[in-house]
Amino acid sequence: MAVLKVKFTKTKRDKLAQILWILNWVSVVSGIILFSLGLFLKIEIKKRNEVMAKGDINSVPNMLISVGVIACIINFLGGKICYDCSDANKFTRWKLVMLPYIVCTFCFTFCILLGALMCYTMRNELEESLYLGLRDAIKFYKDTDIPGRCFLKKTVDLLQIGFRCCGNNGFRDWFEIQWVSPRYLNMASKEVLDRLNSNIDGKFLVDGVPFSCCNPSSPRPCIQYQLTNNSAHYNYDFLTEELNIWMKGCRQALLDYYTGIMRSIGIAALLIWLFELSVLIGVRYLQTAMKNVLLLGDLEGESDGWLLENSFVETAKYNISIIKNLGKANQISTVSGMNDPNINVQNTDCDKTNITTKSIPAAR
């Protein structure tokens, strides 16, 4: 029994073809939107790839870009097919193409759904990439004279100012690394030497943060050095007073930023998927209705259209049987071949005939 069978008159078939022609052109625009969203996300990730570890974080934008390009091509072809389906004579040229087109479009719509879901499952990979990338960027913050690292100080400072964050997990990350370049350390100072000697690795560690961690909205001047020393500042208590530096870590700030972008892109991709799926259903109805009207032979009469010719269970069994039997038609069984009566048959001489001729009586 056909699934969701609908009866179409000639007027309904023509209107369906015209509507689908318009919707396919709208789908071309949706493909451009998907391409643009993927390109935007790729550019946003590339802007801050210096603070991201290498990984598979570009899989989502690449997926969206590819799907967007394919959407434009498929829907452009679909618009041409639907336009010709308004005429039964023109439909014959697409008769054998429409079913493979519908199958390919169904797989394509599944890719759109997969891209939308990937926008929500990318958070863990992105968080790990940001953690490792920011850890290395902060570690090499002081290396302003080393090629390949000299740009990291500017990158980290602009990041902390732009996203109002400090450190990787928080401002205390700066206490654990030497972020002041040795060229700016006064080696004649006893305080500097004491700090270098007090550390096993010989690092100059301070309880301070770079200027880019300062909050310009704070009512008092920025306290970026000796943050844990209450006696170093007037009317200051490290444990109770709200510090005038950014408290949020840059990893969380960037993660929130990219999560918001991917959530919006995911919603847009889901809406486009639903729209593409509705267009695909309409094309399926048009294909079955036009196919049946040709079988009936009455181009002006009514015809049935459906999503599936048989039930879901029967269709699934039929497709599984096709998959199982793939390639079996070209296989030759050696066992059955031994019993073939045509094997080992000697050739006969077709030129020699043993037919006796009878004499034809002469006409009298």
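Analysis parameters
- Residues numbered from 1 in each chain as written.
- Predicted model: local features only at pLDDT ≥ 70, side-chain atom pairs only at ≥ 80, totals over all residues.
- Heavy atoms only, no water.
- UniProt positions renumbered as here; feature names shortened; annotations may be inferred.
- Helix = DSSP H or I, 4+ residues; strand = E, 2+ residues; numbered from the N terminus.
- Disulfide = S-S within 2.5 Å.
- Buried < 20%, exposed > 50% of the residue type's maximum accessible area, 1.4 Å probe, protein only.
- Expected span 1.5 Å × (residues − 1).
- Core = buried A, V, L, I, M, F, W, Y, C linked by side-chain atoms within 4.5 Å.
- Contact = heavy atoms within 4.5 Å.
- Axes fitted to C-alpha atoms, helices over the stretch in contact; angles between N-to-C directions.
- Parallel < 35°, antiparallel > 145°, perpendicular 65-115°, else oblique.
- Left-handed = near helix turned anticlockwise from the far one by under 90°.
- Nonpolar A, V, L, I, M, F, W, Y, C, P; charged D, E, K, R; others polar.
- Phe/Tyr/Trp six-rings, centres within 6.5 Å; stacked < 30°, edge-to-face > 60°.

A word on the UniProt feature "transmembrane region" (unreviewed entry) in the chain
With numbering aligned to this structure, UniProt lists the feature "transmembrane region" (unreviewed entry) at residues 20–40, 60–78, 98–120 and 265–286. Helix makes up 100% of residues 265–286 and strand 0%, and the two end C-alpha atoms of the span are 31 Å apart.

Topic: the state of the cysteines
All chains considered together, the criterion is met by 3 disulfides. Two residues share a disulfide in this structure: cysteine 166 and cysteine 213, whose sulfurs sit 2.1 Å from each other. Between cysteine 166 and cysteine 213, the S-S torsion sits near 85°, and that sign places the bridge as right-handed. With cysteine 166 in the loop between helix 5 (152–163) and helix 6 (190–198) and cysteine 213 in the loop between helix 6 and helix 7 (250–296), the pair connects residues that are 47 residues apart, well separated along the chain. Here cysteine 213 falls in the buried class, since its relative accessible area comes to 0%. Take cysteine 107: it sits in no disulfide, and the sulfur closest to it among the cysteines is that of cysteine 104, at 6.5 Å. Exposure remark for cysteine 107: the relative accessible area of 44% places this residue in the partly exposed category.

Remarks on helix 7
Helix length check: helix 7, at 47 residues, gives a terminal C-alpha distance of 68 Å against a target of 69 Å (1.5 Å per residue), a fit within 8%. Glycine 297 sits one or two residues past helix 7 and shows a positive phi near 85°.

Quick look at the nonpolar core
Residues Leu126, Phe171, Trp174, Val209, Leu227, Val283 and Leu286 are the most contacted members of the largest nonpolar core, which totals 80 residues. Counting only elements with at least two residues in this core, the list comes to helix 1 (10–47), helix 2 (59–84), helix 3 (88–121), helix 4 (123–139), helix 5, helix 6 and helix 7. The element contributing the most residues to this core is helix 7, with 18 residues. With sequence-adjacent residues up to four places away left out, phenylalanine 171 is seen in contact with Cys166, Val209, Leu227, Leu243, Ile245, Trp246 and Met247.

Notes on the packing of helix 1 against helix 2
As a packed pair, helix 1 and helix 2 sit with axes 7 Å apart at the nearest point and diverge in direction by 165°. With respect to helix 2, the element helix 1 is oriented roughly antiparallel. In this structure, helix 1 meets helix 2 at a crossing whose hand is left-handed. Taken together, the residues of the contact of helix 1 with helix 2 break down into 22 nonpolar, 9 polar and 1 charged.

A few points about the packing of aromatic side chains
This structure, assessed with the given rule, holds 10 aromatic pairs. When the ring of phenylalanine 8 is compared with that of tyrosine 285, the centres are 6.1 Å apart and the planes differ by 55°; the resulting orientation is tilted. On the criterion of sequence distance, the pair formed by phenylalanine 8 in strand 1 (residues 6–8) and tyrosine 285 in helix 7 is long-range, its members being 277 residues apart. Overall, tyrosine 285 belongs to the buried group, its relative accessible area being 13%. Ring centres of phenylalanine 171 and phenylalanine 175 lie 5.9 Å apart, and the angle between their planes is 75°; this geometry places the pair in the edge-to-face category. Like phenylalanine 175, phenylalanine 171 is buried.

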